[in-house]
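# Coordinates in review
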Amino acid sequence: MNKKTIQDIEVHGKKVLCRVDFNVPQDENGAITDDTRIRAALPTIQYLLQQGTRLILVSHLGRPKGITPKYTLAPVAVRLSQLLGQQVPLAPTSIGPEAEAAAAALENGHALLLENVRYYPEEEKNDAEFARKLASLAELYVNDAFGTAHRAHASTEGVAHLLPGVAGFLMQKELDYLGSALENPKRPFVAILGGAKVKDKIGVIRQLLERVDTLIIGGGMAYTFLKAKGYEIGKSLLDESNLEFCSEVMQSAGDRLLLPVDVITTDHNPFADGEAACNTAVCAADAIPADLEGADIGPATIQRFSSVVKQAGTVVWNGPMGIFEFAKFAEGTRAVAKALAESGAVSIIGGGDSAAAVQQMGFADAMSHISTGGGASLEFLEGKSLPGVEALQEK
Ligand code: ADP
Ligand code: MG
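Calculation criteria
Residues numbered from 1 in each chain as written. Chains lettered and ligands numbered in written order. Predicted model: local features only at pLDDT ≥ 70, side-chain atom pairs only at ≥ 80, totals over all residues. Heavy atoms only, no water. Salt bridge = Lys/Arg side-chain N within 4 Å of Asp/Glu carboxyl O. Helix = DSSP H or I, 4+ residues; strand = E, 2+ residues; numbered from the N terminus. Near = heavy atom within 4 Å. Polar contact = N/O pair within 3.5 Å; in protein donor to acceptor, adjacent residues only side chain to side chain. Areas by Shrake-Rupley, 256 points an atom, 1.4 Å probe, with all protein chains shown as cover. 1 Å grid on protein atoms, 1.4 Å probe; cavity = no way out; pocket = protein on both sides within 12 Å on 5 of 7 lines; lining within 4 Å. Sits in = over half its atoms within 2 Å of the grid points. Nonpolar A, V, L, I, M, F, W, Y, C, P; charged D, E, K, R; others polar. Domains from an automatic or database assignment. Contact = heavy atoms within 4.5 Å. Buried area = accessible area lost by both parts, 1.4 Å probe. Pairing = 2+ DSSP bridges. Axes fitted to C-alpha atoms, helices over the stretch in contact; angles between N-to-C directions.

## Quick notes on the pattern of salt bridges
Going through the model one piece at a time under the given rule, you end up with 14 salt bridges. Between Glu-129 and Arg-132 there is a salt bridge; the shortest N-O distance is 2.8 Å. Of this pair, Glu-129 and Arg-132 both sit in helix 5 (residues 128–135), three residues apart, roughly one helical turn. Taken together, the shared-partner salt bridges in this structure form one network comprising Asp-35, Arg-39 and Arg-79.

## A look at the site of ligand 1
Among the 19 residues in the neighbourhood of ligand 1, the closest are listed as Lys-201, Gly-322, Glu-325, Asp-353 and Ser-354. At 2.8 Å, a backbone N or O of Asp-353 approaches an oxygen atom of ligand 1. Expressed as a share of its isolated accessible area of 580 Å², the protein-covered part of ligand 1 is 86%. With respect to the pocket detection grid, ligand 1 is positioned in the second largest pocket. Top contributing element to the shell around ligand 1 by residue count: helix 13 (residues 352–360), with three residues. In the shell around ligand 1, the residues fall into six nonpolar, ten polar and three charged.

## Some details on unusual backbone geometry
A cis amide bond links Arg-187 with the next residue in sequence, Pro-188, at an omega value of 0 degrees. Take Pro-188: it is sitting in the loop between helix 6 (169–183) and strand 7 (189–193). Look at Asn-126: it is not a glycine, yet its phi comes out positive at around 55 degrees. Tracing the backbone through its elements, the reader meets Asn-126 in the loop between helix 4 (121–124) and helix 5.

## A short note on the domain arrangement of the protein chain
In terms of domain boundaries, the protein chain breaks down into domain 1 (15–171) and domain 2 (185–381). One C-alpha centre belongs to domain 1, the other to domain 2, and the line joining them spans 35 Å. The interface is formed by ten residues belonging to domain 1 together with eight residues belonging to domain 2. Summed over both partners, the interface of domain 1 with domain 2 buries about 680 Å², with 61% contributed by carbon and sulfur atoms. Contact with domain 2 buries surface across domain 1, with Arg-37, Phe-146 and His-150 losing the most and accounting together for 63% of the total. Remark: the boundary between domain 1 and domain 2 carries zero salt bridges. Put simply, domain 1 and domain 2 have one residue pair in polar contact (both at pLDDT 80 or more) between them. Broken down by element, the side of domain 1 that touches domain 2 gets its largest block of residues, three residues, from helix 1 (residues 36–50). Counted by class, the side of domain 1 that touches domain 2 contains three nonpolar, three polar and four charged residues.

## Comments concerning the sheet that holds strand 2 (residues 54–58)
Strand order across the open sheet formed by six strands is 3-4-2-1-5-6, with parallel pairing between neighbours. Taken across any chain shown, the strands that pair with only one partner, and hence form the sheet edges, are strand 3 (90–91) and strand 6 (165–167). Sheet topology places strand 1 (residues 15–19) next to strand 2; five bridges connect them, and they run parallel. Looking at strand 2, one finds that Leu-17 is bridged to Ile-56. Packing of helix 3 (residues 96–104) onto the sheet brings it into contact with strand 2, strand 3 and strand 4 (110–114), and relative to strand 4 it is tilted by some 170 degrees.

Structure (structure tokens):
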């Protein structure tokens with residue numbers, strides 16, 4: 001990575017504003033259901049505290065419209081305090097006298113968390129005055145929020161023009177894994193793309209097609225490819241406007257592209273009608289009955305995909321192989337995750353649903369890297385530059 005990190009500058013005793021991504025999932029009572037993102041930021045936080053900094057953490061949570069108590073970071077401050085074994089107070093605001101007072105009261109080696117930065121519409125507008133107020137709290141800026149690095153907001157981009165800005169360890173790790181996959185992958189380099197829509201992943205398909213030895217396409221997006229081949233796909237997901245694109249991809253990829261050879265069909269949609277109503281069958285990919293929907297990859301496809309994964313040097317995976325939210329259609333995703341876990345490949349998981357699937361299925365520890373940023377990892381893999389990274393100091 002060509003950006004400076006917290007290890008490249010003198011941080012000792014400094015007041016540091018650190019953007020983290022504490023946008024954690026919560027249940028209806030506000031309890032945190034998955035603290036992965038908080039734990040992912042701990043190496044940076046612990047390092048900065050050990051260096052005796054006065055650490056001001058800033059994050060968003062959800063999409064509040066103005067000050068909305070439902071989106072308070074209070075539960076996050078509690079969980080963070082537990083994980084750190086040190087009290088992390090929550091400042092009631094992100095800027096202004098209360099935030100300033102909280103920052104001024106900080107002792108070396110201690111942290112505070114500012115209240116949800118998206119309580120202020122100026123944040124997402126990257127408002128210059130708002131960025132100035134945030135920046136005025138500190139002497140240095142650290143960005144460890146990879147998950148929001150694809151957004152040019154005040155706390156992710158604006159402040160980096162006002163304070164010396166460097167990357168935290170999580171940011172560094174994300175960029176190193178994703179960057180070396182694109183630039184210098186151990187071969188064979190295999191990409192597995194899935195999920196719902198072709199539309200969402202056109203840029204990634206284009207970018208990866210130029211780099212991979214094998215491109216595997218499964219999940220809902222595979223059916224538009226099968227349709228473009230002239231197959232009947234029944235009621236499966238179809239992205240009509242991208243049939244032409246799929247034909248082009250198949251032509252330029254040739255035998256580097258692997259599509260499902262068989263699928264699991266269903267006669268009902270599990271989201272609409274419930275899983276119990278779904279009658280399933282295995283079916284060849286070129287013989288899907290007109291009244292059925294493809295909801296997962298089939299056993300022969302699992303075999304093919306798994307054997308490619310097991311021989312790979314690097315695998316980037318984005319998008320589940322089926323409607324993995326339901327057990328009847330989770331087998332393809334589970335099998336691919338298992339093959340990845342058992343392979344010696346460098347395994348990189350990008351995409352929120354893919355990461356959740358790997359975690360739920362118990363394969364997280366076996367992966368080389370699970371990205372904490374769904375949208376950001378997708379944009380990075382598309383070859384786009386991330387504003388929150390661009391604004392940091394060059395090495
Ligand atoms: P990620 O978040 O990993 O990038 P996406 O958001 O693109 O993945 O896609 C995830 C969604 O794709 C899941 O909700 C899953 O149910 C859906 N999906 C996967 N396969 C199919 C399919 N065959 N038909 C309909 N939806 C599918
Ligand atoms: Mg998703």
